[in-house]
Amino acid sequence: MTAFVLVSGMFTGPRVWAETAERLSGAGARVCAVALTGLGDGVESPGAGVDLETHVTDVLRAIDAIGPAGETCGGDGREACEGAGRDIVLVGHDYGIHPALAAADRRRERVARVVYLDSGLPQDGVPALAAVPDRALREELAARAAAPAGDGSGVLAAPDRDGWQRWGSTEGLGGAALDRLTALASPHPLATLSQPLRLTHPVGTVPTTGVLCTGSGTTVETVRMLVGFGDPAMRFLTRPEVTFFELATGHWPMLSAPAELAGVLLRAAGGGGRRLGPVAPAHLRPFLLDVPRVPRERSGNTDLYAPEGDARCPAVVFVHGGPVPADARPTPRDWTTLKGYARLAADQGVVGVTVDHRLHSLADYPRAADDVADAVRRVRAHPRVDGERIAVWFFSGGGLLAADWLGAPPSWLRCLAATYPVLAPLPAWGPFDGRFRPSEAVAGAGALPVVLTRVGLESPGIAATVEEFMAAAGACGKEIEVVDVPEGHHGFETLDPTDASREAVLRAMRSVVARLRA
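Just so you know, these numbers come straight off a predicted model, no measurement behind them. (Residues numbered from 1 in each chain as written. Predicted model: local features only at pLDDT ≥ 70, side-chain atom pairs only at ≥ 80, totals over all residues. Heavy atoms only, no water.)

S.K.: Give a detailed account of the side chain of N301, specifying residues and quantitative values.
M.R.: By the element assignment, N301 lies in the loop between strand 9 (296-299) and strand 10 (302-305). A distance of 2.4 Å separates polar atoms of two side chains, one belonging to N301 and the other to R378. Non-local contacts of N301, meaning those with residues more than four positions away in its chain, are made with R333, T354, V355, D356, D371 and R378. (Helix = DSSP H or I, 4+ residues; strand = E, 2+ residues; numbered from the N terminus. Polar contact = N/O pair within 3.5 Å; in protein donor to acceptor, adjacent residues only side chain to side chain. Contact = heavy atoms within 4.5 Å.)

Next comes the structure, spelled out in structure tokens:
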């Protein structure tokens, strides 16, 4: 018989699982919602002496309490519950995946499956603090965690009713559920975030299920794309014992979709869900157009593809998306998609340029923006380039970098293009640098031509950012040329080699080139 051990995330405790636990129990499963020391259900949270290891011990106690069939389970996870020793499914939500993983690492013979519920992918030696997407907040919390005890810095205050969006998407949470989440919340001990996770076995040695809440901006296809980047830490996700589910809700599904969550957990316990299988990196598949093999000139972090001859020509700088792991190989400028666009530009009589920038995490947008600006400066100075006729073309997560160029376009920037771009920070990213908001910057674009390629099969989270951008453009009277690919996916240039896709790429390129020559 299956026993579910449920480990809560930031600010929350056992009672947040009540409705999901009731449904699991009704299906014949046994449920232990772990009470992490000093955390959740409206109690005051002691900061002193409570760290990640404290919470690991709490989870281990819950696992060890699962004895022979016929015993009972206390809701606080500290009494025995029915179940067979190997049928334990350990569910970690948000921060809770850290103590859950550490406990599974020490009780591998007892845990049948670990479920990552809308959480990150922690690694050995990395603290939970690293999963906080906002760099300023992360640095603030790190400083507070390192402050002397007794100065009030040992705990992080729980959000008020309007502050939960900072910690995750509240999609699907009605007013009553949001009130309940707020009432049950308590301060979170900061030391639990700063103490590194310690694992003695590689992540993924226990069968694993990821439950992705699409309101947070992550889908199975997003994971497939990230695995394709070649990050060694994510390779285990292609194993057959790793499965995935999607829930169309926000970061707290135990409140916004308790029945759906219970159903997914029951299916996960039986090994159900989607499997990635072998992942052929989409960005390395053949480009959908036959383009000439134009010689490249490599300099620093840029590759330049120039038309035949010695004449100075306009140039298009192609800016990849991300974040891309720092050790991903090949680097983006060698991806077939970007090389295909650059060679196509050269075939159209302009210089195509691919650039590697250092967008390796959500905190890296300022650094990546500097890299792109420096690359454009060097391209403008190149002897084959007409420095007064430049276009910059952004892809995917690189779309946020367009904000700098939209807000105050220089005279020599003759066109800005974006293909399946992210044009506003996703909800799961939390507070985000206001500099990188194209939806706000578009009001300053003036007469700068903008060519936007959007795909009909985009993930809902990214599609919403494009809608936000289009609405902002309309509100300020800014015309956007839109190239639609109704049956196209994110990365359609290698995923969907159809006539419609080819025509979309050609139309967008011809439009950009025409603006450069105008």
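There's plenty left to go through after this.
S.K.: Explain the pattern of salt bridges to me, using residue names and the numbers behind them.
M.R.: What the rule picks out here adds up to 25 salt bridges. Residue R161 is joined to D179 by a salt bridge in which the shortest nitrogen-to-oxygen separation is 2.5 Å. Placement of R161 in the loop between strand 5 (155-156) and helix 5 (175-184) and of D179 in helix 5 is noted, with a sequence separation of 18 residues between them. Overall, the relative accessible area of 40% leaves D179 in the partly exposed class. R435 serves as the salt-bridge partner of D404, at 2.7 Å between the closest nitrogen and oxygen. Taken together, the residues span a long stretch of sequence, with D404 in helix 12 (residues 402-407) and R435 in the loop between strand 14 (413-419) and helix 13 (438-441) at a distance of 31 residues. Linked by salt bridges that have partners in common, R296, R298, D303, R333, D334 and D356 make up one network. (Salt bridge = Lys/Arg side-chain N within 4 Å of Asp/Glu carboxyl O. Buried < 20%, exposed > 50% of the residue type's maximum accessible area, 1.4 Å probe, protein only.)

S.K.: A description of helix 5 should follow, citing residues and the corresponding values.
M.R.: Since the α-helix packs 3.6 residues into each turn, any two residues three or four apart lie on the same face. Listed as buried for helix 5 are A177, L178, L181 and L184. Along the axis of helix 5, the buried residues cluster in a sector spanning 135 degrees; they form a single face. Those residues of helix 5 that are exposed and aimed more than 90 degrees away from the buried face are A176 and A183. Residues of helix 5 that are buried in the fold lie against helix 8 (253-256). (Arc of directions from axis to C-beta.)

S.K.: An account of the pairing of strand 9 is needed here, citing residue identities and associated values.
M.R.: The sheet contact formed by strand 9 and strand 10 spans four bridges and is antiparallel. Across the sheet, residue R296 finds its bridge partner in strand 10, namely Y305. Between the antiparallel neighbours strand 9 and strand 10 lie two residues, among them G300 with a positive phi of about 60 degrees. (Pairing = 2+ DSSP bridges.)

S.K.: Go over the packing of aromatic side chains with me, naming the residues and quoting the values.
M.R.: Counting across every chain of the model gives 14 aromatic pairs. For the pair F11 and W164, a centre-to-centre distance of 5.9 Å together with 80 degrees between the ring planes defines the contact as edge-to-face. Remark: W164 occurs in the loop between strand 5 and helix 5 and F11 occurs in the loop between strand 1 (3-7) and helix 1 (18-26); sequence separation between them is 153 residues. Summarising the burial analysis for this pair, F11 and W164 share the class buried. Judged by centre distance (5.4 Å) and plane angle (75 degrees), the rings of F11 and W167 are edge-to-face. One end of the pair, F11, is in the loop between strand 1 and helix 1; the other, W167, is in the loop between strand 5 and helix 5, with 156 residues separating them in the sequence. Per residue, the accessibility class of F11 equals that of W167, and both read buried. What links up through ring pairs into an aromatic cluster is the set F287, F318, Y341, W393, F395, Y420 and F492. (Phe/Tyr/Trp six-rings, centres within 6.5 Å; stacked < 30°, edge-to-face > 60°.)

S.K.: Please give an account of the pairing of strand 11 (residues 313-319) that cites residues and values.
M.R.: Most of strand 11 sits inside the fold, with seven of its seven residues counted as buried. Sheet topology places strand 11 next to strand 13 (residues 385-395); six bridges connect them, and they run parallel. In the strand pairing of strand 13, V317 is matched with V392. Bridging between strand 11 and strand 12 (residues 351-355) involves five bridges; their strand directions are parallel. When the sheet's bridge partners are listed, V317 is paired in strand 12 with V353.

S.K.: Which residues make up the environment of A402, and what are the values?
M.R.: Structurally, A402 is set in helix 12. A relative accessible area of 2% places A402 in the buried class. C-alpha separation for the pair A402 and L416, spaced 14 residues apart in sequence, amounts to 8.0 Å. When sequence neighbours within four positions are dropped, the list of residues in contact with A402 reads F394 and L416.

Such coordinate-based values are descriptive only and should not be taken to indicate function.
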